[in-house]
Amino acid sequence: MAALPNQANEIIEFDSQEGAAPLGSQPRELPLLPLRGVVLFPLMWLPITVGQPRSLRLLEEMISKRQRFIALAASKDPQIEEPDPEQIHTTGVIARIQRLMRVPGGTIRVMLQGVERIHIERFTATEPYLTVVARPWPEQIAHDAAEQGLGRASQDLFANLVSLSPNLPDELESAVRNVADSRQLFYLIASAAHLKLDDKQALLATDPLARKFQMLNDLLKAEVEVQGIAQKIQSEAQGEMARAQREFYLRKQMEAIQRELGEGDAQGAEIATLEEKIAAAGMPEEANKEARRELERMRRMPVQAAEYAVIKTYLDWMTTLPWQQITPDNLDISHARAVLDEDHFGLEEVKDRILEFLAVRKLRLERKGEKEAAAQTPPPRDMIRQEREGVILCFVGPPGVGKTSLGLSIARAMDRKFVRLALGGIRDEAEIRGFRRTYIGSMPGRIIQSLRRVESRNPVFMLDEVDKLGRDFRGDPSSALLEVLDPEQNREFRDHYLDVPFDLSQVFFITTANWLDPIPGPLRDRMEIIELSSYTDQEKVRIAQGYLIPRQIGENGLRAEEITFSADALFKIVHEYTREAGVRTLERRIGAICRKAATRIAAGSDENRPVAVTPERVADWLGKPRFFDEAQERVEAPGVVTGLAWTPTGGQVLFVEATAMPGKGRLTLTGQLGSVMKESAMAALSVVRGAAHRHGVAANWFEQHDLHIHVPAGAQPKDGPSAGVAIATALLSLITGRCAREAVAMTGEITLRGRVTRIGGVREKVLAAHRHGLHTVILPEHNEVDLEDVPENVRAQMIFHFARTIDEVWALALAAEVTQPPPPGLEGEAAGERTVTTIENGEEEAPASASSVEPPAPQA
């Protein structure tokens, strides 16, 4: 035999004796050609196309060695082009090469004939092609009546299959009937029937022949049943097609009539397009029925009718909504943790809650799949409902702490799409539920609009600033959100414009707010509140180093080596140029420095590379400081104390000032105080008057003097009961002439009996005191447990006193000696004593007398 031809379409035939070698019964070494997606049986013919380099090398080698026999075995995974030894079945056949032909494209067509079944014992080489040691494995043939009966049953089943399947020619049935040899009969039927690859491989590897026939009959019975059902469906479909053809014929006649009447074909094309969109949209039954009803109205309506455009717009909305489009969830917990840590610093409680949600969802889906597999039955309705999200998260915290960006990170961690809807200023409930179609220019609400824009039925949907919803005569949007955010109701959310239910149960809703008070109770009850507190100075510096500085360097066209910020410079920027709970202003300050540095670099000031931002040069970049720590200066005179307040933008330090003048006992309150704070001031005055005799105040002193209480920053409204302790302390400081101790702040509500009761916002207030350099904080006794929310590094730098009564607060907050003469009418003072608890540097100290506790000097 000559070498393989190099010209395309040239054919080379093998002689009957060329390359022949007896197979024998002993193992022998053979080259192996892996088959992809096909199994060759003994005695059967198979044409294949060889194009892989390794397989081409094998054919070239066989031709050069004049070898005709080759081992064939199916690959376990048809997708792998060049499988490894462990990826190939160990049962195959020895095949005889009958013909080869080179075809265009560099491939070779080979005609093979199976000879004998073999078992691969081991692989001896993988390069330049696969070689194996294989031994012949003949079938066990009984030649008895049972075997012959099974063979005839296979013939009958195959005849039924040929009659039902349009892909099998009738000649195959005749060929099968004429085969007398049982082994050849089995392999002919197994090769001709359209069986799965794994089933064919199992048939090849099974022994004896009777068992092979049993397996083949089981497979043929299943295939006959499937083909019978398919034929039934096809006959029904043909009936439907006949009816559809009749309707099509009538519509064509109608179109011809319309053309004769002068009506154009544009309407028909438009209606046909909408009909195709409705069929492809995958709407639920009710929505599909409503869309087709409107389409029929549109079909009978002239184009000039005003209602025609209204119906067309409605159908456009119905056909473009994501009725079935969802994105698969990525529930990899480690991936979610990596994404959250990459996007946000700190916020461990929030991250843990998000990871808990993902973990529960992952386990729920896995366990549901296990139960379904074990039961082999459809899941019950209550289990289906468990797949709905069922949780609405509400991030509450000051501006700039990362609430909105957290939602984007959650979407990225879950591989879901993200959509944000700003609720601030929305006053009309139709913005949520949509406008009814009776109005001109009506359209769906923003919920449906956002889902259409994002093209997914299960996005992460952020409802931003839910606390800023308004209400007026047009309705209450917060009430409209009750249905949207209720997992038991939103699976059938009915927009006024669509007027059909739309399933929102797979949407992951997240809301954000600066504070909870404006949110109605029923709406708040549907959400899980997660609070995001202010950042400490150390956290702000680390956020700047890890996130803000790299981002601003990139946004301003700089390189990382062209500008550096020292930690001390960042601390200076935080203290003297920002006063916020988040980091937005800090990022703006860093951006301002980067822009100035970019200007200098662009101007060619190469001698200043790299730009080093140090504490000494911060003022050169940002100008004079914006904020000062004046807490110690403000309390140098009696009648001034430092209080703490909570605001939606974080904690703040308040100075309560009191002064007295001759008068008739009037009380004046200024500083834009709310009604609750005014009542606290009056209660504080009553407490001080009740305790005045213990401090040597004349009985008629209050009738002879007017008191004025002022809380600076008068342009900012203030309210709440937690300033009662500070007001009472300021009054006592005024009338006794005892100044407040340095670097001491206080907060707490006061009762008429002088009890100090629990307040909220401890973390924010303590962080505000820490920012202003106040190292000592007096809190109500029952707020001691709230210190766990304060960062550990902040607790270690501060001293905390917990008071039960106002007398303990006075003993801790006021200096023991009189620093200035008190107003006329004072003769001395006396104070009660009680044991109080003090926490210094994060550790609880031994009890000390309330009248003798001296706060230490401020810590650096």
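Residues numbered from 1 in each chain as written. Predicted model: local features only at pLDDT ≥ 70, side-chain atom pairs only at ≥ 80, totals over all residues. Heavy atoms only, no water.

## Quick notes on the side chain of Q113
And then number 1: The residue Q113 is located in strand β6 (residues 107-125) in this model.
And then number 2: On the basis of relative accessibility, which here comes to 17%, the residue Q113 falls in the buried class.
And then number 3: Of the polar contacts made by the side chain of Q113, one reaches the side chain of Q98; its length is 3.0 Å.
And then number 4: The residues contacting Q113, other than those within four sequence positions of it, are L40, M44, W45, I94, A95, R96 and Q98. (Helix = DSSP H or I, 4+ residues; strand = E, 2+ residues; numbered from the N terminus. Buried < 20%, exposed > 50% of the residue type's maximum accessible area, 1.4 Å probe, protein only. Polar contact = N/O pair within 3.5 Å; in protein donor to acceptor, adjacent residues only side chain to side chain. Contact = heavy atoms within 4.5 Å.)

## Things to note about the nonpolar core
And then number 1: Counting residues in hydrophobic clusters, the biggest one holds 55 residues, and the most contacted among them are F395, F508, I563, F565 and I590.
And then number 2: With eight residues, helix α20 (residues 584-602) is the single largest residue contributor to this core.
And then number 3: With 51 residues, the next largest nonpolar core counts M301, I311, L463 and L485 among its residues. (Core = buried A, V, L, I, M, F, W, Y, C linked by side-chain atoms within 4.5 Å.)

## Here's the deal with the packing of helix α18 (residues 537-555) against helix α25 (residues 762-771)
And then number 1: Relative to each other, α18 and α25 sit at 80 degrees, their axes nearing to 10 Å. Taken as axis vectors, α18 and α25 run roughly perpendicular relative to one another. For the pair α18 and α25, contact is made by D537, Q538, E539 and K540 and by R763, H770 and R771, respectively.
And then number 2: When the residues that make up the contact of α18 with α25 are grouped by side-chain class, the tally is no nonpolar, two polar and five charged. (Axes fitted to C-alpha atoms, helices over the stretch in contact; angles between N-to-C directions. Parallel < 35°, antiparallel > 145°, perpendicular 65-115°, else oblique. Nonpolar A, V, L, I, M, F, W, Y, C, P; charged D, E, K, R; others polar.)

## Re unusual backbone geometry
And then number 1: Between E127 and the following residue, P128, the backbone shows a cis peptide bond with an omega angle of 0 degrees.
And then number 2: If you trace the backbone, P128 turns up in the loop between β6 and β7 (131-136).
And then number 3: Omega for the peptide link from D207 to P208 comes to -10 degrees, which places this bond in the cis form.
And then number 4: Tracing the sequence through the fold places P208 in the loop between α5 (197-205) and α6 (209-261).
And then number 5: Despite not being glycine, D415 shows a phi value in the positive range, around 60 degrees.

## Observations concerning the pattern of salt bridges
And then number 1: A complete count under the given rule lists 43 salt bridges for this structure.
And then number 2: When the shortest N-O distance is used, the salt bridge between E342 and R412 registers 3.7 Å. On the criterion of sequence distance, the pair formed by E342 in helix α10 (residues 333-343) and R412 in helix α13 (residues 403-414) is long-range, its members being 70 residues apart.
And then number 3: Judged by its relative accessible area of 52%, E342 falls in the exposed class.
And then number 4: In this structure, K468 and D467 form a salt bridge, with 3.3 Å as the shortest nitrogen-oxygen distance.
And then number 5: Linked by salt bridges that have partners in common, E290, R293, E294, R297, E307 and R437 make up one network. (Salt bridge = Lys/Arg side-chain N within 4 Å of Asp/Glu carboxyl O.)

## Points about the confidence of the model for the chain
And then number 1: In this model, the chain carries an average pLDDT of 81, and 87% of its residues clear a pLDDT of 70 or more.
And then number 2: Contacts from residues 379-387, a stretch scored under 50 in pLDDT, to residues over four places away or in other chains number 13 contacts.
And then number 3: Per-residue pLDDT stays below 50 along residues 825-836; that stretch engages in 38 contacts with residues further than four places along the chain or on separate chains. (pLDDT = per-residue confidence, 0-100.)

## Here we look at the packing of helix α24 (residues 724-736) against helix α27 (residues 806-813)
And then number 1: Closest axis-to-axis distance for the α24/α27 pair is 10 Å, and the angle between their directions is 60 degrees. The orientation of α24 with respect to α27, classified from their angle, is oblique. Crossing geometry of α24 relative to α27 is assigned as right-handed. Along the contact surface, α24 presents V725, A728, T729 and L732, while α27 presents I806, V809, W810 and A813.
And then number 2: Of the residues belonging to the contact of α24 with α27, the class tally is seven nonpolar, one polar and no charged. (Left-handed = near helix turned anticlockwise from the far one by under 90°.)

## What about the sheet that holds strand β8 (residues 393-396)?
And then number 1: Taking strand neighbours across the sheet as the criterion, the five strands line up as β9-β10-β13-β8-β14 in an open arrangement whose pairing is parallel. Lying at the two open borders of the sheet, with one neighbouring strand each, are β9 (418-422) and β14 (528-531). Averaged over all neighbouring strand pairs, the angle between strand axes comes to 20 degrees, with direction disregarded.
And then number 2: Inspection of the sheet shows strand β10 (residues 460-464) paired to strand β13 (residues 508-513) by four bridges, in the parallel sense. Within β13, the position partnered with L463 by the bridge is T511.
And then number 3: α13 rests against β8, β9, β10 and β13 of the sheet, and its axis sits at about 175 degrees to β10.
And then number 4: Against the sheet, helix α15 (residues 446-454) contacts β9 and β10, and its axis sits at roughly 150 degrees relative to β9. (Pairing = 2+ DSSP bridges.)

## Concerning the pairing of strand β18 (residues 650-662)
And then number 1: Where strand β17 (residues 640-647) meets β18, eight bridges bridge the pair, whose relative direction is antiparallel. Within β18, the position partnered with V640 by the bridge is E657.
And then number 2: Linking two consecutive strands that pair antiparallel, namely β17 and β18, is a turn of two residues.
And then number 3: Here β18 runs beside strand β20 (residues 705-710); their pairing, made up of six bridges, is antiparallel. Within β20, the position partnered with M661 by the bridge is D706.

## A short note on the packing of aromatic side chains
And then number 1: Evaluated as defined, the whole model comprises nine aromatic pairs.
And then number 2: Look at Y314 and Y497: their rings are 5.9 Å apart centre to centre, the planes differ by 55 degrees, and that puts the pair in the tilted class. Here Y314 is found in helix α9 (residues 306-320), whereas its partner Y497 is found in the loop between β11 (493-494) and β12 (501-502), with 183 residues between them in sequence.
And then number 3: Geometrically, the ring pair formed by W323 and F502 is tilted, given 5.0 Å between the ring centres and 55 degrees between the ring planes. You can see W323 sitting in the loop between α9 and α10 and its partner F502 sitting in strand β12, a full 179 residues away along the chain. Here W323 and F502 have matching classes, each one buried.
And then number 4: Through a chain of ring-to-ring contacts, three or more aromatic side chains come together here, namely F41, F186, Y187 and F213.
And then number 5: Its end group placed over the ring of Y314, R437 keeps NZ or CZ at 3.8 Å from the ring centre.
And then number 6: Positioned over the ring face of W317 is R452, at 3.9 Å from the centre of the ring. (Phe/Tyr/Trp six-rings, centres within 6.5 Å; stacked < 30°, edge-to-face > 60°. Lys NZ or Arg CZ within 6 Å of the ring centre and 35° of its normal.)

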